[in-house]
Amino acid sequence: MDKTYDPRQIEQDCYTRWMDGDRFRPDMQAEGAYCIMLPPPNVTGRLHMGHAFQDTLMDTLTRWHRMQGEATLWQPGTDHAGIATQMVVERQLEGQGISRHDIGREAFLEKVWEWKEQSGGFITEQMKRLGASCDWSRERFTMDEGLS
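Predicted, not measured: the structure shown is a model, and the values here were computed from it. (Residues numbered from 1 in each chain as written. Predicted model: local features only at pLDDT ≥ 70, side-chain atom pairs only at ≥ 80, totals over all residues. Heavy atoms only, no water.)

A short note on unusual backbone geometry
Reasoning step 1: Although it is not a glycine, Asp-22 adopts a positive phi angle of roughly 50 degrees.
Reasoning step 2: Mapped onto the elements, Asp-22 comes out in the loop between helix H1 (11-20) and strand E1 (33-37).
Reasoning step 3: Of the residues examined, Asp-22 reaches a relative accessible area of 42% and is grouped as partly exposed. (Helix = DSSP H or I, 4+ residues; strand = E, 2+ residues; numbered from the N terminus. Buried < 20%, exposed > 50% of the residue type's maximum accessible area, 1.4 Å probe, protein only.)

A few points about the state of the cysteines
Reasoning step 1: The tally for this structure, following the rule as stated, stands at 0 disulfides.
Reasoning step 2: The cysteine Cys-14 is free of any disulfide, with Cys-134 supplying the nearest cysteine sulfur at 16 Å. (Disulfide = S-S within 2.5 Å.)

Focus: helix H3 (residues 82-95)
Reasoning step 1: The end-to-end C-alpha distance of H3 is 20 Å, a good match for the 20 Å that 14 residues give at a rise of 1.5 Å each.
Reasoning step 2: All of the buried residues along H3 are Thr-85, Val-88, Val-89, Glu-90 and Leu-93.
Reasoning step 3: In this fold, the buried residues of H3 make contact with helix H4 (100-130).
Reasoning step 4: One or two steps after H3, the chain reaches Gly-97, where phi turns positive at roughly 80 degrees. (Expected span 1.5 Å × (residues − 1). Contact = heavy atoms within 4.5 Å.)

Details of the pairing of strand E2 (residues 71-75)
Reasoning step 1: Among the 5 residues of E2, 5 are classified as buried, and the element is accordingly described as predominantly covered.
Reasoning step 2: Both faces of E2 are covered, namely the face carrying Ala-71, Leu-73 and Gln-75 and the face carrying Thr-72 and Trp-74.
Reasoning step 3: Pairing of E1 with E2, which is carried by 5 bridges, proceeds in the parallel orientation. Considered in E2, the bridge of Ile-36 is made with Trp-74.
Reasoning step 4: For the crossover that starts at E1, traverses helix H2 (residues 49-67) and ends in the parallel E2, the hand is right-handed. (Pairing = 2+ DSSP bridges. Right-handed = clockwise from strand over helix to strand, strands pointing away.)

As structure tokens, this is what we get:
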């Protein structure tokens with residue numbers, strides 16, 4: 001047995017098995033229901049210790065209710081962070097010598113969506129590395145159709 005724990009040897013394989021087995025989807029045949037909506041982190045940043053703390057609490061509650069046999073959903077998502085995201089994308093454009101006014105509203109919104117895919121995807125991967133038991137098939141973004 002190794003003297004030190006190496007999470008790479010165990011955790012990724014275990015999480016992949018959970019994901020492949022749909023372990024985080026609510027069992028709609030179960031009696032009782034429990035749901036937590038993840039307070040969506042902004043796509044402009046990275047998770048910090050405060051996120052890890054609150055996510056651990058939510059994950060613990062979610063798993064406990066799941067073990068009680070309830071239809072349990074932890075709904076994941078990210079927030080567009082309006083002005084903060086706009087500032088990040090505008091700075092990127094500035095680096096290319098252009099402004100949002102130069103490219104127009106539609107092209108600017110496309111740039112915002114590109115940024116969301118890059119940064120929001122990183123946050124989702126961080127949560128998965130933490131072992132979060134969210135139903136990732138239901139992941140939402142605050143600018144998704146029907147949510148804004």
